[in-house]
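# What the coordinates show
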Amino acid sequence: MDAPLRLIAANPLDQLAKTVEALLVVASAPLTVAELAEAAADDPERVEAALGLVGERYREGRSGIVLERVAGGWAFRASREAAEACARMVEKPAQRGLSQAALETLAIVAYLGPCTRPDVARIRGVSADSAVASLAERGLITEAGRDDAAGGAIRYRTTPLFERVFGLESLSQLPRLDDLGGGVDEIRDRLHAVAEKRTA
Amino acid sequence: MVIVRELELDLDAFEGPFDLLLTLVLKDEIELRDVDVAGIVLAFIERLAARDELDLDACGEFLVLVSALLELKARGLFPEEAAELAELEPEAAAEELARRLAEYRRMKEAAAWLRERLEAEGDRYFRIGPAPFAPRVEPQLALQDPEKLAAALRLLAVPPPEVSLAHMALRFPPVTQFLERFRAVLRRRSRFDFDQEVGELSRVEQAVAFLALLELRRGGEIAIEQAAPFAPIRISRTDVEREDSWTLRSA
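Predicted model only: the values in this text are computed from it and were never measured.

This next bit is on the overall build of chain B. Counting its regular elements, chain B contains nine helices and five strands. Considering chain B as a whole, with its 251 residues, one finds that 12% of them fall into the buried category. Residue pairs in contact within chain B that sit at least 24 positions apart in sequence constitute 56% of those at least 6 positions apart.

So this is what it looks like as structure tokens:
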């Protein structure tokens, strides 16, 4: 198919915006530009432009519905103003009552994934079985093949739902690992001081 | 004497003498984790059992070799555990410990960041559901000749040949027929030989005849005697027998 021809065919952008809007209403998960372009049978560039129009219409504060860029795609959500009303009607099973162990496990899988339960256990120093099971049940992590090493433990990675629940456009929005772990140097110094005493 | 090194192995990962397996393992030419050590032990025990004598030298050598193999395999399965803190110098141990603590601390802070994020994003509500179904693609069939289909159906429509059950039919004559017959015989003679009487009949008829015998016996009309298993069965009228016993007693 010839892209320029269709541009001349004068399908106005606001028409495409309506189509994109409709597709987003029907979808139950964020749609990528590529997916929208395929369903709308139009060019990705024009879909991007149409998303701009739709986003303008569904801006926070302007409508009860908000268009957001999340989990590598685009999706509608309720406006923050309506959160209280929403809370009275719907439950949030994915993130309700996440334990500290589960959050630490989730962080490890998000940064190091795909990784195995032994990987998680090595970092946390305790078995990760129940935390991993709980996260998988919530749909925040999912199986991603098996480890190449001996034993072939199941590897896990975070899901698009994880990014959506935490409002991340992608995993690259997580803070850099190097920026985390303040005070590590102090611990190291203290450990070395103890070691010197033992050698002496 | 069982020579351990010449033990022939037939495993998934390796086929040949034990000695060669050891050489290949030590040269890293075969992955020890793929080697079924239990299979080696089984092969040795089978070999030992075949000899029917306990060869302690061979057992000792085998134990040493197999345990070495198991240790190698175990170490291979837990590569990280090779750097046990206990085996390190205090300086190195401190460094290793610091590295692990730093790693955990970073993840703990990442978890704290996630929790903050969750709280900040707590007022975002959206729809979660299973992915909607994509429209089904209609399969395009190649053009078909309806005559061919009809021919195929015609083949299937032919009724299968009737299976004959004639050989399975068993014709049972009525028991009464034999009751009458035996009573008639007994009116003429006081005793008769069952096998002689029914010898020319079919097996089924013989069986029914025997049922008739039992029936007569139950009614007390006859006495049945057989000297030994498979010996001829002799039938006699009971009134005759009674006469006999009476005669005996009176004699």
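Our focus in this paragraph is the interface of chain A and chain B. At the interface, 42 residues of chain A touch 37 residues of chain B. Those elements giving two or more residues to the side of chain A that touches chain B turn out to be β2 (73–78), α5 (83–89), α6 (100–112), α7 (117–124), α9 (160–165) and α10 (184–199) of chain A. No other element matches α10(A), which puts nine residues into the side of chain A that touches chain B. Residues belonging to the side of chain A that touches chain B are distributed by class as follows: 25 nonpolar, nine polar and eight charged.

A few words on the packing of α6(A) against α7(A). All names here are of chain A. Packing of α6 against α7 brings their axes to within 10 Å, and their N-to-C directions diverge by 120°. With respect to each other, α6 and α7 are oriented oblique. In this structure, α6 crosses over α7, and the sense of that crossing is right-handed. Taking contact as the criterion, the partners of Glu104, Thr105, Ile108 and Leu112 in α6 are, on α7, Asp119, Val120, Ile123 and Arg124.

What follows is about the sheet that holds strand β3 (residues 115–116) of chain A. Residues and elements named next belong to chain A. The strand order β3-β5-β4 describes an open sheet built from three strands, whose pairing is antiparallel. Both edges of this open sheet fall to β3 and β4 (141–146), since each of them pairs with a single strand only. Across four bridges, β4 lies against strand β5 (residues 154–158) in antiparallel orientation. By the bridge assignment for β5, Glu143 is matched with Tyr156.

All right, on to the environment of Thr142(A) then. Inspection of the secondary structure puts Thr142(A) in strand β4. On the neighbour-count criterion, Thr142(A) (18 C-beta atoms within 10 Å) is partly exposed.

Residues and elements named next belong to chain B. Given a rise of 1.5 Å per residue, 14 residues ought to cover 20 Å, and the 21 Å separating the end C-alpha atoms of helix α6 (residues 175–188) matches this to within 8%. Three or more residues of α6 are buried, namely Phe178, Phe182 and Leu186. Relative to the axis of α6, the buried residues are bounded by an arc of 70° and lie together on one face. Opposite the buried face of α6, at more than 90 degrees from it, the exposed residues are Thr176, Glu180, Ala184, Arg187 and Arg188.

All right, on to the pairing of strand β4 (residues 222–226) of chain B then. All names here are of chain B. Bridge count for β4 against strand β5 (residues 233–237) is five bridges, and the pairing is antiparallel. Note that in β5 the partner of Ile224 across the bridge is Ile235. Where β4 folds back on β5, the antiparallel hairpin that results is connected by six residues, among which Phe230 adopts a positive phi of roughly 70°.

Moving on, we come to the confidence of the model for chain B. Residue and element names in this part refer to chain B. Chain-level statistics for chain B give a pLDDT mean of 80 and a share of 88% at 70 or above. Below pLDDT 50 for its whole length, residues 247–251 participates in zero contacts with residues either more than four positions away or in separate chains. Quick note on the complex model: pTM equals 0.52, ipTM equals 0.80.

Val20(A), Val47(A), Leu106(A) and Ala107(A) are the most contacted members of the largest nonpolar core, which totals 48 residues. At seven residues, the largest contribution of residues to this core is made by α6(A). Per-domain counts for this core show at least three residues from each of domain 1 (3–89) and domain 2 (100–189) of chain A. Every residue in contact with Val47(A), bar those within four places of it in the chain, is listed here: Leu16(A), Val20(A), Val33(A), Leu36(A), Ala37(A), Ala40(A) and Asp42(A). Counting residues in each nonpolar core, the second largest holds 11 residues, with Phe178(B), Ala212(B), Ile222(B) and Ile235(B) among its members.

The subject of this paragraph is the packing of α6(B) against helix α8 (residues 203–218) of chain B. In helix packing, the relevant descriptors are the interaxial angle and the interaxial distance, both defined with respect to the helix axes. All names here are of chain B. Contact pair α6 / α8: the axes reach a minimum separation of 8 Å and the direction vectors enclose 65°. With respect to the hand of their crossing, α6 and α8 are arranged in right-handed fashion. Counting all contacts with α6, which are made through Val175, Phe178, Leu179 and Phe182, the residues of α8 involved are Val208, Ala209, Leu211, Ala212, Glu215 and Leu216. For the contact of α6 with α8, the residue count by class is nine nonpolar, no polar and one charged.

What follows concerns the environment of Ser99(A). Positionally, Ser99(A) belongs in the loop between α5 and α6. Remark: the alpha-carbon pair of Ser99(A) and Ala131(A), spanning 32 residues in sequence, is separated by 8.4 Å.

Quick look at the sheet that holds strand β3 (residues 191–193) of chain B now. Backbone hydrogen bonds hold the strands of a sheet together, and the pairing may be parallel or antiparallel. All names here are of chain B. Here we have three strands laid out as an open sheet, ordered β3-β5-β4, and antiparallel in their pairing. Both edges of this open sheet fall to β3 and β4, since each of them pairs with a single strand only. In this sheet, neighbouring strand axes are inclined to one another by 20° on average, regardless of whether the strands run parallel or antiparallel.

In this section: the pairing of β5(A). Looking down a regular strand, the side chains alternate between one sheet face and the other. Pairing of β3(A) with β5(A) involves two bridges; the strand directions are antiparallel. Of the residues in β5(A), the one forming a bridge with Thr116(A) is Arg155(A).

Now for unusual backbone geometry. Residues and elements named next belong to chain A. The omega angle of the peptide bond from Gly113 to Pro114 is 0°, so this bond is cis rather than trans. Following the sequence through the fold, Pro114 ends up in the loop between α6 and β3. Although it is not a glycine, Ala41 adopts a positive phi angle of roughly 55°. By secondary structure assignment, the location of Ala41 is in the loop between α3 (33–40) and α4 (44–57). Positioned with a positive phi, Ala71 is a non-glycine residue whose angle comes to about 50°. Locating Ala71 in the fold gives a position in the loop between β1 (65–70) and β2. Residue Ala71 is classed as buried on the basis of its C-beta count, with 24 C-beta atoms lying within 10 Å.

Cut-off values and rules
Residues numbered from 1 in each chain as written. Chains lettered and ligands numbered in written order. Predicted model: local features only at pLDDT ≥ 70, side-chain atom pairs only at ≥ 80, totals over all residues. Helix = DSSP H or I, 4+ residues; strand = E, 2+ residues; numbered from the N terminus. Buried ≥ 20, exposed ≤ 12 C-beta atoms within 10 Å, placed from the backbone. Contact = placed C-beta atoms within 7 Å. Nonpolar A, V, L, I, M, F, W, Y, C, P; charged D, E, K, R; others polar. Axes fitted to C-alpha atoms, helices over the stretch in contact; angles between N-to-C directions. Parallel < 35°, antiparallel > 145°, perpendicular 65-115°, else oblique. Left-handed = near helix turned anticlockwise from the far one by under 90°. Pairing = 2+ DSSP bridges. Expected span 1.5 Å × (residues − 1). Arc of directions from axis to C-beta. pLDDT = per-residue confidence, 0-100. Core = buried A, V, L, I, M, F, W, Y, C linked by C-beta atoms within 7 Å. Domains from an automatic or database assignment.

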